[in-house]
Amino acid sequence: MHTDKATRLQLFDLRLVQTRVFHLTWMAFFVCFFAWFACAPLMPVIRGEFDLTTKQIANINIAAVAITILVRLIIGPLCDRYGPRKTYTGLMLLGAIPVFGVAAAQSYESFLFFRLLIGAVGASFVITQYHTSVMYAPNVVGTANAAAAGWGNAGGGAAQALMPLVLGAVLMFGVGEAFGWRLALLVPGVLMLVMAFLYWRFTQDCMDGNYSELRAAGKVPDTGKKGGWDSFKLAAGNYRVWMLFVTYGACFGVEIFMHNVVATYFLDNFDLSLKTAGLVAGSFGLLALFARALGGWVSDQVARRGGLDARALVLFVLIVGEGLGLLLFSLMDSFQLAVLSMLAFGLFTHMACGATYALVPFIDRQALGGVAGIIGAGGNVGAVAAGFLLLWVGEVRHTLFILGALVLVSALCAIAVRFSAAHKAREEELYQEALAQRSAQVAGGNA
């Protein structure tokens, strides 16, 4: 089924199905993340309209990421069963409904409800990683996964920076703030509908076509409805999956938590305007444009000499850097130093996310959907745990300090990821095959 995977990233040749999938999957992820965090930079305005307390805002932040845990757990096996094309299209069509719903909310309770449902679109990440994993060969899959995830992940940063500007543009037409933020939130909903059409029209599940057509032709065994469940059970029985579940909670969970609190944190602690706080918060998210890809690329490069164990070591180093940087950020009282330390720890955070999913395709090829789903859910478990920690501590700065210490401890899980000699030999054989295929392609192109 997964033959002739791409051995290099050819970003400008749209005739290649791998290239179309790569670009459309990160674009879909970008739009989903934009919609997921579009509310966050507008919370100071929304807080005033609904007269929200600190506890209610914390509940909203928890709701924004809670349901994603469940959806991420099931979305990977759904990709195994129905294919990433159908799964992604369906997620975006259904996910647009609560995006429109939150714009129509008239009370704290209704806003909380729709904010909870919007969190489902966060599962888009799992489909993105799944789709690129089946399109790219072992020698470049880490870079492809990290680049697609990073560029898509930048949607969170773009939302932080752009949504206050969208609101400002709406207000220029004489609309009041109470109605203006609602109009602004219609934008991500419309974008999701557009991307759903594009994804359905221009992608396919794997190199040979779509799963449903291949199964109908007898080219892929039809595993029936329990195929996805079997993938989940196989993944859940692998201890490496749970080690990466923890590390992803430590990096991506912290990233999501920062998306939800950083704009308000700078607004409250450094006396900034809404637009300035949004731009500062956006800079953290926009690091994903290159930092995630950098983490995957570094993992691919060290794997050329050190194999799978070296990928785990890279992840360990990046998690340690993230933890130390987060501790430093929590101690900063100067605005300039706070921004610099935020960007420093943000770099390690995004790179660690990329390095985690540079390992994912190698954990268990027979249960890729289950592996990607469980580990992806770990990120949201980390974010929810951070939200509850904030409720317990009651103050963002102290919460960030405690999170930094917990991140450092979680780095031990990266070191615990080890592979048997047989597993490494099998992966090394596939890796060398990919390199040979790439060399043959290059030689053929120069002939």
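Residues numbered from 1 in each chain as written. Predicted model: local features only at pLDDT ≥ 70, side-chain atom pairs only at ≥ 80, totals over all residues. Heavy atoms only, no water.

Chemist: Requested: an account of the packing of aromatic side chains, with residues and values cited.
Modeler: Within the structure shown, the criterion is met by 30 aromatic pairs. Aromatic side chains phenylalanine 111 and tryptophan 181 sit 6.1 Å apart centroid to centroid with 70° between the ring planes, which places their arrangement in the edge-to-face category. With phenylalanine 111 in helix H5 (residues 108–118) and tryptophan 181 in helix H8 (residues 177–184), the pair connects residues that are 70 residues apart, well separated along the chain. For the pair shown, phenylalanine 111 and tryptophan 181 are each scored as buried. Plain terms: the ring middles of phenylalanine 266 and phenylalanine 335 are 6.1 Å apart, the flat faces sit at 90° to each other, and that makes the pair edge-to-face. (Phe/Tyr/Trp six-rings, centres within 6.5 Å; stacked < 30°, edge-to-face > 60°. Helix = DSSP H or I, 4+ residues; strand = E, 2+ residues; numbered from the N terminus. Buried < 20%, exposed > 50% of the residue type's maximum accessible area, 1.4 Å probe, protein only.)

Chemist: For the layout of surface pockets, give the residues involved together with the corresponding values.
Modeler: Computed from the structure, the second largest pocket encloses a volume of approximately 350 Å³. What lines the second largest pocket is a set of 16 residues, and nearest its centre among them are Thr54, Thr264, Asp268, Leu390 and Val396. Counting only elements with at least two residues in the lining of the second largest pocket, the list comes to helix H2 (43–50), helix H3 (54–82) and helix H12 (239–270). No other element matches H12, which puts six residues into the lining of the second largest pocket. Grouping the constituent residues of the lining of the second largest pocket by class yields seven nonpolar, six polar and three charged. (1 Å grid on protein atoms, 1.4 Å probe; cavity = no way out; pocket = protein on both sides within 12 Å on 5 of 7 lines; lining within 4 Å. Points joined across faces, edges and corners; volume = space filled by probe spheres on them. Nonpolar A, V, L, I, M, F, W, Y, C, P; charged D, E, K, R; others polar.)

Chemist: Give a description of a nonpolar patch on the surface that names residues and reports values.
Modeler: A cluster of nonpolar side chains, namely Leu286, Leu289, Phe290, Leu294 and Trp297, defines an oily patch on the protein surface of about 440 Å² accessible area. Its location among the elements puts leucine 294 in helix H14 (residues 291–330). (Patch = residues over 30% accessible without salt bridge, like charges linked within 9 Å, V, L, I, M, F, W, Y side chains within 5 Å. Areas by Shrake-Rupley, 256 points an atom, 1.4 Å probe, with all protein chains shown as cover. Salt bridge = Lys/Arg side-chain N within 4 Å of Asp/Glu carboxyl O.)

Chemist: Could you give an account of the pattern of salt bridges, with specific residues and numbers?
Modeler: Applying the stated criterion to the full structure yields five salt bridges. Put simply, aspartate 300 and arginine 311 hold a salt bridge, and the shortest N to O gap is 3.0 Å. Each of the two residues, aspartate 300 as well as arginine 311, counts as buried.

Chemist: Talk me through the side chain of asparagine 145; I want residue IDs and the actual numbers.
Modeler: As for its position among the elements, asparagine 145 is in helix H7 (residues 141–171). Owing to a relative accessible area of 0%, asparagine 145 belongs among the buried residues under this scheme. Dropping the residues within four chain positions of it, asparagine 145 is found in contact with Gln129, Thr132, Ser133, Tyr357 and Pro361. (Contact = heavy atoms within 4.5 Å.)

Chemist: I'd like to hear about the packing of H14 against helix H15 (residues 335–359), residue by residue, with values.
Modeler: Taken N-terminus to C-terminus, the directions of H14 and H15 make an angle of 145°; their axes are 6 Å apart at the nearest point. Seen along the crossing, H14 lies across H15 with a hand that is left-handed. In the contact of H14 with H15, the residues fall into 23 nonpolar, 10 polar and three charged. (Axes fitted to C-alpha atoms, helices over the stretch in contact; angles between N-to-C directions. Left-handed = near helix turned anticlockwise from the far one by under 90°.)

Chemist: Can you explain empty space enclosed by the protein? Please cite residues and give values.
Modeler: For the coordinates displayed, the defined rule picks out three cavities of 30 Å³ or more. Taken as a whole, the largest cavity spans an internal volume of roughly 50 Å³. Lining the largest cavity, in full, are Ala58, Asn61, Ile62, Val65, Phe257, Asn260, Val261, Ala383, Gly387 and Leu390. Listed by contribution, the elements that provide at least two residues to the lining of the largest cavity are H3, H12 and helix H16 (368–393).

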